[in-house]
Amino acid sequence: MQTISLLVLIVAIAIGFWKNINVGIVSLALGFILTAAMGISVKVLVAGFPTKLFLTLLGTMYFFALLQDNQTLELLSRKIISLFKTRPFLMPVVIYVVSYVMSAAGPGAISVQSVMVIFAVSLAVQMKANPILMAVMAILGAVGGTASPIALTGIIVKDLTASLHVPGIAVPVFYGVTAANVFIAAIFYVVLGGYRMTLDANLQNVGGEAFTREQKICLAALVVMVVIFRMDVGFVSFFLAFLLMLVGAADKKRPVKLVPWNVLILICGISVLMSVIKKAGGIKLLADLLASLMTEGTAAGLIAATAGFMSWFSSANGVVFPTLIPTLPEIIAKVGGELRLVDMLVSVVGAATVAGISPLSTGGSLIMATVAQNEVASSEDLSKMFLKLFLLSFCAVMLVVVFSLVGGTKLIVY
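Conventions used here
- Residues numbered from 1 in each chain as written.
- Predicted model: local features only at pLDDT ≥ 70, side-chain atom pairs only at ≥ 80, totals over all residues.
- Heavy atoms only, no water.
- 1 Å grid on protein atoms, 1.4 Å probe; cavity = no way out; pocket = protein on both sides within 12 Å on 5 of 7 lines; lining within 4 Å.
- Points joined across faces, edges and corners; volume = space filled by probe spheres on them.
- Helix = DSSP H or I, 4+ residues; strand = E, 2+ residues; numbered from the N terminus.
- Expected span 1.5 Å × (residues − 1).
- Buried < 20%, exposed > 50% of the residue type's maximum accessible area, 1.4 Å probe, protein only.
- Polar contact = N/O pair within 3.5 Å; in protein donor to acceptor, adjacent residues only side chain to side chain.
- Phe/Tyr/Trp six-rings, centres within 6.5 Å; stacked < 30°, edge-to-face > 60°.
- Lys NZ or Arg CZ within 6 Å of the ring centre and 35° of its normal.
- pLDDT = per-residue confidence, 0-100.
- Contact = heavy atoms within 4.5 Å.
- Axes fitted to C-alpha atoms, helices over the stretch in contact; angles between N-to-C directions.
- Parallel < 35°, antiparallel > 145°, perpendicular 65-115°, else oblique.
- Left-handed = near helix turned anticlockwise from the far one by under 90°.
- Nonpolar A, V, L, I, M, F, W, Y, C, P; charged D, E, K, R; others polar.
- Salt bridge = Lys/Arg side-chain N within 4 Å of Asp/Glu carboxyl O.

Now for empty space enclosed by the protein. Applying the stated rule across the entire model yields one cavity of 30 Å³ or more. Of the volumes computed, that of the largest cavity is approximately 40 Å³. Along its surface, the largest cavity is lined by Phe64, Gln68, Leu73, Ile118, Ser122, Thr370, Gln373 and Asn374. Within the residue set of the lining of the largest cavity, elements represented by two or more residues are α4 (51-69), α7 (109-127) and α20 (362-374).

The periodicity of an α-helix, 3.6 residues per turn, causes residues three or four places apart in sequence to face the same way. Counted at 1.5 Å a residue, the expected span for helix α8 (residues 131-145) with its 15 residues is 21 Å, and the 21 Å between its end C-alpha atoms agrees. α8 sits mainly inside the fold: 15 of its 15 residues count as buried. N-capping of α8 is provided by Asn130, with a side-chain oxygen placed 3.0 Å from the backbone N of Ile132.

The next point concerns the packing of aromatic side chains. Counting across every chain of the model gives nine aromatic pairs. Counting every residue linked through ring pairs, the aromatic cluster contains Tyr96, Tyr100, Phe174 and Tyr175. In this structure, Lys19 is placed above the aromatic ring of Trp18, and the distance from its NZ or CZ to the ring centre is 4.5 Å.

On to the confidence of the model for the protein. For any part of a model where pLDDT is low, the fine detail of the predicted coordinates should not be relied upon. Mean pLDDT over the protein: 81, with 89% of residues reaching 70 or higher. Mean pLDDT values for the elements of the protein range from 66 in helix α15 (residues 282-291) up to 93 in helix α10 (residues 170-191).

A few words now on the side chain of Thr35. Note on placement: Thr35 falls in helix α2 (residues 23-38). What makes Thr35 buried here is its relative accessible area of 2%. Setting aside residues no more than four positions away along its own chain, Thr35 makes contact with Ile40, Ser41, Leu45 and Val276.

The geometry of α4 relative to helix α14 (residues 261-280) is characterised by a closest axis approach of 11 Å and an angle of 165 degrees between their N-to-C directions. In terms of orientation, α4 and α14 fall into the roughly antiparallel class. Considering only the axes of α4 and α14, their crossing is right-handed. Residues Leu53, Phe54, Leu57 and Leu58 of α4 lie in contact with α14, whose contacting residues are Trp261, Leu264, Ile267 and Cys268. Classifying every residue of the contact of α4 with α14 gives eight nonpolar, no polar and no charged.

Before going further, it helps to examine the pattern of salt bridges. Under the criterion given, the structure shown has four salt bridges. One salt bridge connects Arg254 with Asp69, and the closest N-O pair in it is separated by 2.9 Å. One end of the pair, Arg254, is in helix α13 (residues 254-258); the other, Asp69, is in helix α4, and 185 residues separate them in sequence. Given a relative accessible area of 46%, Arg254 falls into the partly exposed group. Judged by its relative accessible area of 21%, Asp69 is partly exposed. A salt bridge links Arg254 to Asp251; its shortest N-O distance comes to 3.2 Å. Among the charged side chains, a network of salt bridges with common partners joins Asp69, Asp251 and Arg254.

Here's what the structure looks like:
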């Protein structure tokens, strides 16, 4: 059943492509068949529905649909474009740096990428640039900064390592994760063509328009979401959307039609199927295989691959770190040699966070939803985007594996 459950996932994606059906619908159907074959209750399917992710996506998508409907994001994008009209190739770098700084300052990856991904895609659409490039740079910046000792992931790492009686390691881990993250961002910038970005002639003189009263209120709400609130971003989005409608700054009906429901179905459907595959032991099968291959020379790279793999199908903060970090001292003791805890921690945190580009994670799903919200996308387009983002996520994790295998952490952290 472990092997069969993994094959079911491949079949679900293949059928979605072949018949041009939303893969989420296919996943729900095959998940139901799989539970029957395993003889387990359909309650497993219901429990696997990603309620928190769904509410986060729905809240942020609806909030930004309000800003999209009254052209707040469009005008803000045009004003920023006017600042870089002579150097448009710097825009992906600016997106990365802003996301990194905002995330490292405390809000963490989820809150920052919920804002920056949507803004980056809107900016890319205005520039007629690659929205995947801009959105990926936003996510990389957000997940790179979240390893800061005062941000969510950094705090979790600090708490988990404190229980291992290894104080003071959070800052070196932050430096190492930052180095690995910048390494990946630089490669993606080149591969995705960031240096070739140009500005359409029609955008050379944009940015002179003034914001209306309603747009200023929406911008204020956007600032409040990012800076002031450190609460659940989905519910904060619903709350701010309610306030905007209450004061007449946003339309009450049109934005609902802008929410990309087909993307939500795709993401939630695959998440439900993954919960059954996890129950069947398919994920554990591959994770155990990776862990069994470790030696002193390969330990950091393989633990990175394991963390990245686990993060594709579960929460990095909620599952990967609490599961893997406590096992690191035992692994180091068994492997022996000159293996350092800081190297293993950087591998785990670095790989698990960059895996967030995956469409199964909050960051990747935000990219899909936002691109679909800004552009007309068919089921086939969404399926292709799903695979492209998963491939980029796989490449990002593999780059952390390479970074770990060549001892990149040792160059940064002594």
